[in-house]
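# Reading the structure
Listed below are the residues making up each chain.
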Amino acid sequence: SGLETSGTSIGPAHSCIPNFAGADLAARNLARLPEWQTARVVKCNPDPPQIPVRLRALYEGKIVYAPVPELLKPFPFVRLDPEKLERKGVQFELAATSQGFVEHGDPVEFEDIEPLDFVVVGCVAVSRAGARTGKGGGVADLELGIFRELDKLKPGAPITTTVHSNQVVGIEELVMMQHDSALDAIATEAELIETGTVLPQPKGVAWDAVQPDQFRDIPFLETLRDRLVSKG
């Protein structure tokens, strides 16, 4: 990938959300969004390049929901409450890492999550039109689908990401599937891009697009589908 060859990647960029030099600047640019400034509840992906996003959110007194990496625990998310972390003497710098938040966050189910004001997803590549590609597991889109099914995404809650400017590509290079969510804003180390995206957003989970191995590896998925289907 361009990131690995240009030397801006920190660690391997293959098949994971690549960490990059300038991730803290990208988080700062993201925080320029008015929606970030007014957000009380932020959902953020668990990957290393978004550590500065989670850290900034905690320092600003926001509640942070983060998915357990690879969703391998019996509970899918943790809730980080900065006041509670302070009372427990847990440093925000630790709580912002995936090991730290799995250890110190409160385990929660999808249904327990408060309505979200702001969403941050990890991306491997994005376009200025709001198209995005993740690491291929489809986990972010699955999560967003579940949030929509459960009415956890507040109207107007933007879907955003932080990436290195090398990861911004032409829209023709990205294939968006019907169940993929588009981005409202992209923050790089150099700029804040408000996409004004016109790409259609999915209404919920595309259950037929969920892979058999996702049902196998994500224990609560089948239960959730059965609950939603029996409710619907």
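Residues numbered from 1 in each chain as written. Predicted model: local features only at pLDDT ≥ 70, side-chain atom pairs only at ≥ 80, totals over all residues. Heavy atoms only, no water.

The next point concerns the overall build of the protein. When you go through the protein residue by residue, the secondary structure sums to 10 helices and 12 strands. The buried share of the protein, taken over its 232 residues, is 53%. Across the protein, contacts joining residues at least 24 apart in sequence account for 68% of those joining residues at least 6 apart. As displayed, the protein offers around 10800 Å² of accessible surface, 52% of which is attributable to carbon and sulfur atoms. (Helix = DSSP H or I, 4+ residues; strand = E, 2+ residues; numbered from the N terminus. Buried < 20%, exposed > 50% of the residue type's maximum accessible area, 1.4 Å probe, protein only. Contact = heavy atoms within 4.5 Å. Areas by Shrake-Rupley, 256 points an atom, 1.4 Å probe, with all protein chains shown as cover.)

This part covers the pairing of strand β3 (residues 41-44). Along β3, one buried face is formed by V41 and K43 and the opposite face, lined by V42 and C44, is buried too. Where β3 meets strand β4 (residues 63-67), 3 bridges bridge the pair, whose relative direction is parallel. Bridge pairing in β4 links V41 to I63. Running through helix α4 (residues 51-59), the crossover from β3 to the neighbouring parallel element β4 is right-handed. In terms of strand pairing, β3 meets strand β7 (residues 118-120) through 3 bridges, oriented parallel. Across the sheet, the residue bridging to V42 is F118, located in β7. (Pairing = 2+ DSSP bridges. Right-handed = clockwise from strand over helix to strand, strands pointing away.)

This part covers the nonpolar core. Counting residues in each nonpolar core, the largest one holds 33 residues, and the members touching the most others are Y65, L116, V121, I146 and L221. Counting residues per element, this core draws most heavily on helix α8 (residues 139-149), at 5 residues. The contact partners of I146, leaving out residues within four places of it in the chain, are F110, V205, L221 and L224. (Core = buried A, V, L, I, M, F, W, Y, C linked by side-chain atoms within 4.5 Å.)

The sheet built from 8 strands is open, its strands ordered β6-β5-β4-β3-β7-β10-β11-β12 with mixed pairing. Taken across any chain shown, the strands that pair with only one partner, and hence form the sheet edges, are β6 (106-108) and β12 (192-194). Within this sheet the neighbouring strands show an average axis-to-axis angle of 25 degrees, counted without direction. The sheet contacts of helix α2 (residues 23-30) involve β7, β10 (159-162), β11 (185-187) and β12, and relative to β10 the element is tilted by about 150 degrees. (Axes fitted to C-alpha atoms, helices over the stretch in contact; angles between N-to-C directions.)

Right, let's get into the pairing of β4. For β4, a buried count of 5 out of 5 residues is recorded, marking the element as mostly surrounded by other parts of the structure. Taking every second residue as pointing to the same face, both faces of β4 are buried, with I63, Y65 and P67 on one and V64 and A66 on the other. The sheet contact formed by β4 and strand β5 (residues 77-80) spans 4 bridges and is antiparallel. Paired with P67 across the strands is F77, a residue of β5.

The phi dihedral of D151 falls on the positive side, at around 65 degrees, and the residue is not glycine. You can see D151 is positioned in the loop between α8 and β10. Given the relative accessible area of 65%, D151 is considered exposed.

Right, let's get into the side chain of R148. Its location among the elements puts R148 in helix α8. Of the side chains with opposite charge, D141 comes closest to the buried, unpaired R148, at an N-O distance of 6.4 Å. A distance of 2.9 Å separates the side chain of R148 from the side chain of S181, its partner in a polar contact. Leave out the neighbours within four places in its chain, and R148 touches L153, I159, S181, Q201, P202, K203 and G204. (Lys, Arg positive; Asp, Glu negative; His and termini not counted. Salt bridge = Lys/Arg side-chain N within 4 Å of Asp/Glu carboxyl O. Polar contact = N/O pair within 3.5 Å; in protein donor to acceptor, adjacent residues only side chain to side chain.)

Our focus in this paragraph is α8. By the criterion of burial, α8 is predominantly enclosed, with 9 of the 11 residues buried. Taken as a whole, α8 has its buried residues at A140, D141, L142, E143, L144, G145, I146, F147 and R148. The positive-phi residue at the C-terminal boundary of α8 is D151, with phi of around 65 degrees.

In this section: the environment of N166. Take N166: it is sitting in the loop between β10 and β11. Classification of N166 by relative accessible area gives partly exposed; the value is 38%. In sequence terms N166 and T188 are 22 residues apart; their C-alpha atoms lie 9.0 Å from each other.

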